[in-house]
Amino acid sequence: MDAREAALRQAHGHAVRWLASLSDRPVPARASVDEIVRALGAELPDAPSTPADVVDLLATACEPGLTAFPSGRFYGFVVGGTEPAALAADWLVSAWDQNCVMRAVTPAYSAVEEIAGAWLLDLLGLPPDSAVGFTTGATMANFTCLAAGRDTVLRRAGWSVAHDGLVGGPPVRVIAGQDRHMAIDLALRYLGLGRPELVEADGQGRVDAEALRRTLAAPGSGSGAGSGSGAGSGSVPTLVILQAGDIHSGAFDPFPEAIRAAREADAWVHVDGAFGLWAAASPTYAHLTDGSARADSWATDAHKTLNVPYDCGLALVADPAALRSAMGLQGDYLIQHEHGDPIDKVPELSRRGRAFTAWAALRSLGRAGVADLVDRLCRHAQAFATGIDAIDGATVLNDVVFTQVCAEFGDDERTDRVLDRLLDEGAAWISGSTWHGRRVMRISVSNWSTTDEDVSHTLAAIRRACSSTIRP
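Cut-offs applied
- Residues numbered from 1 in each chain as written.
- Predicted model: local features only at pLDDT ≥ 70, side-chain atom pairs only at ≥ 80, totals over all residues.
- Heavy atoms only, no water.
- Phe/Tyr/Trp six-rings, centres within 6.5 Å; stacked < 30°, edge-to-face > 60°.
- Helix = DSSP H or I, 4+ residues; strand = E, 2+ residues; numbered from the N terminus.
- Buried < 20%, exposed > 50% of the residue type's maximum accessible area, 1.4 Å probe, protein only.
- Pairing = 2+ DSSP bridges.
- pLDDT = per-residue confidence, 0-100.
- Contact = heavy atoms within 4.5 Å.
- Polar contact = N/O pair within 3.5 Å; in protein donor to acceptor, adjacent residues only side chain to side chain.
- Expected span 1.5 Å × (residues − 1).
- Right-handed = clockwise from strand over helix to strand, strands pointing away.
- 1 Å grid on protein atoms, 1.4 Å probe; cavity = no way out; pocket = protein on both sides within 12 Å on 5 of 7 lines; lining within 4 Å.
- Points joined across faces, edges and corners; volume = space filled by probe spheres on them.
- Nonpolar A, V, L, I, M, F, W, Y, C, P; charged D, E, K, R; others polar.
- Axes fitted to C-alpha atoms, helices over the stretch in contact; angles between N-to-C directions.

A. Representation of the packing of aromatic side chains in the model. Counting across every chain of the model gives 12 aromatic pairs. With 5.3 Å between their ring centres and 75° between their planes, Tyr 109 and Phe 356 make a pair best called edge-to-face. Placement of the pair is Tyr 109 in helix H5 (residues 107-123) and Phe 356 in helix H12 (residues 354-389), with a sequence separation of 247 residues. Across the pair, Phe 356 and Tyr 109 agree in class, each one buried. With 6.3 Å between their ring centres and 20° between their planes, Trp 119 and Trp 359 make a pair best called stacked. With a gap of 240 residues between them, Trp 119 in helix H5 and Trp 359 in helix H12 connect regions that are remote in the sequence. For Trp 119, a relative accessible area of 32% puts it in the partly exposed group. For Trp 359, a relative accessible area of 30% translates into the label partly exposed. In textbook terms, an aromatic cluster arises when at least three aromatic residues are bridged by ring pairs, as seen for Phe 69, Phe 74, Phe 77 and Trp 429.

Structural data, given as structure tokens:
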């Protein structure tokens, strides 16, 4: 057995043992950073080590410091697990070691990306001719889509970002709901557009369509030179950002009315659907995304609701030319194809074969399996809401329309104590947050492997944490 095979066998053994432990291991990590550093050894050795020994040391030293994100009892963030076929495909991706940016160099990847992209557009109910770019995650998917939008609205105003940059150009007005995800602000910062103008939302985080219409009709600020000019709608290039799935409530913006208002102002409409866009794949929940297909771009993350391995964001743009104009590049040494290349749709020049894992998950689940996955996650969220509402002193604060549940336990102090006790016990991992000025327990049901039994065990752990925090 050569060194490579020995190292792979060692890694396989550790991976299988790790996955087998997920059903009954504590979900939080059990070791600190300092403890892991001591176990690994901080000094770089002078002499080489055998690959198998290195793998063994890495796995043995790090295992106590791993959080069981793939567990069916992890609900801390919108973090999916990894569907089995996608996990196996990801091992192949690493073994194949392809830089998947050019059709002529990696025809296998380009074929898989085309198929997976078409399947995704079909499942999500989006225009079939849209471009699909596979990014690192939802943040970069938002960045990619908004770059296409920024360049397009400026081009309509007679300005080329690619040629002239932003300085000296027309201001760009960006409007979003007040409960948008922070990743939107980050993407806008990357794009040189600054913070968006905020439109009021209802108690569940849904943007008020009439307030959006009024904002679009009023004078507004824009990013770039002359941003203080106060130009009104119709004269300022404008981006409108909507949301499919509020991070706290799971709520969806009223797409038909909001998009109609944006269209009247000739704005580019983008939908941030990091986890919620997948509602479209379920006949039961597709109504939540009604009207969203009329937007110009959409961002989502296949690692969340679809449960493929990190990393696999999806940037979807109705006009492929707009995406290619924003992301494409030229190079004398590149082998460019007349039909376009994966490199034309994403920011990275070096990238792994993300579409392989997405294809594997979709091929394994099929249309019915994806719908069942969405329905199952939503059913578990409803079970959490029902179970928590039955606990004395507990209140579910949101309308549970998708996969998110927010609850409080009397007051902020007790809510935090319940969360601390829950994490100390380790039966599940649930994070706290602040929503509308109140501390909440935020449950995100995102993992394909979560079972009814996992939900029951977690609810029992929440009840124990509540019992232990009752004042005498």
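B. Looking closely at the sheet that holds strand S11 (residues 438-444). An order of S8-S9-S11-S10 is seen for the four strands of this open sheet, with the pairing classed as antiparallel. Edge positions in the open sheet fall to strand S8 (395-396) and strand S10 (431-435), since each of these has one partner strand only. Here strand S9 (residues 404-408) pairs with S11 via four bridges, running antiparallel. Counted as the bridge partner of Gln 404 is Ser 444 from S11.

C. Fine view of the confidence of the model for the chain. Across the chain, pLDDT averages 94, with 95% of residues at or above 70. Across residues 224-234 the pLDDT falls below 50, and counting only partners more than four positions away or on other chains, this stretch makes 20 contacts in the model.

D. Representation of the environment of His 270 in the model. Here His 270 is to be found in strand S5 (residues 268-272). For the pair His 270 and Ala 299, spaced 29 residues apart in sequence, the C-alpha separation works out to 8.0 Å. Excluding residues within four positions of it along the chain, His 270 makes contact with Asn 142, Cys 145, Leu 146, Val 240, Ile 241, Leu 242, Ser 297, Trp 298 and Ala 299. Within the local environment of His 270, its side chain forms a polar contact with the side chain of Ser 297, the two groups lying 2.8 Å apart.

E. Quick peek at the side chain of Thr 144. Along the chain, Thr 144 falls in helix H6 (residues 138-156). Dropping the residues within four chain positions of it, Thr 144 is found in contact with Thr 135, Ala 315, Leu 323, Met 327, Lys 345 and Pro 347.

F. Here's a closer look at helix H3 (residues 51-62). The end-to-end C-alpha distance of H3, which contains 12 residues, comes to 16 Å, matching closely the 16 Å that a straight helix rising 1.5 Å per residue would cover. For H3, the set of buried residues is Ala 52, Ala 61 and Cys 62. Among the structural elements, helix H1 (3-21) and helix H2 (33-40) are those in contact with the buried residues of H3.

G. Examining the pairing of S5 more closely. The buried fraction of S5 amounts to five of the five residues, a majority that puts the element mostly inside the structure. Burial of S5 is two-sided: the residues Trp 268, His 270 and Asp 272 facing one way and the residues Val 269 and Val 271 facing the other way are all buried. Relative to S5, strand S4 (residues 238-243) runs parallel, the two being bridged by five bridges. Looking at S5, one finds that Leu 242 is bridged to Val 271. Assessed by its sense of winding, the connection that carries the chain from S4 through helix H10 (residues 255-264) to S5 is right-handed. As paired elements, S5 and strand S6 (residues 297-301) share three bridges and run parallel to each other. Note on S6: the bridge partner recorded for Asp 272 is Ala 299.

H. Molecular detail of empty space enclosed by the protein. Evaluation of the coordinates by the stated rule reveals two cavities of 30 Å³ or more. Of the volumes computed, that of the largest cavity is approximately 50 Å³. Along the walls of the largest cavity sit Ala 176, Gly 177, Gln 178, Asp 179, Arg 180, Gly 205, Val 207, Ile 241, Leu 242, Gln 243 and Asp 253, which together make up its complete lining. The set of elements that each furnish at least two residues to the lining of the largest cavity consists of strand S2 (173-177) and S4. For the lining of the largest cavity, the element with the highest residue contribution is S4, accounting for three residues. Split into classes, the residues belonging to the lining of the largest cavity amount to four nonpolar, four polar and three charged.

I. Quick look at the side chain of Ser 21. Tracing the backbone shows Ser 21 in helix H1. Residue classification places Ser 21 among the buried residues on the basis of a relative accessible area of 17%. Of note is the side chain of Ser 21, whose polar atom sits 2.7 Å from the backbone oxygen of Trp 18.

J. Examining the sheet that holds S2 more closely. Strands sit in the order S1-S7-S6-S5-S4-S2-S3 across an open sheet of seven strands; the sheet is mixed. The open sheet is flanked by strand S1 (131-135) and strand S3 (197-199), the only strands paired with a single partner. Across the sheet, the mean angle separating the axes of adjacent strands is 20° when strand polarity is ignored. Across three bridges, S2 lies against S3 in parallel orientation. Along S3, the bridge assignment pairs Gly 177 with Val 199.

K. Here's a closer look at H6. The end-to-end C-alpha distance of H6 is 27 Å, a good match for the 27 Å that 19 residues give at a rise of 1.5 Å each. Here H6 lies mainly inside the structure; 15 of its 19 residues are buried. One or two residues past the end of H6 sits Gly 158, with phi positive at roughly 85°.

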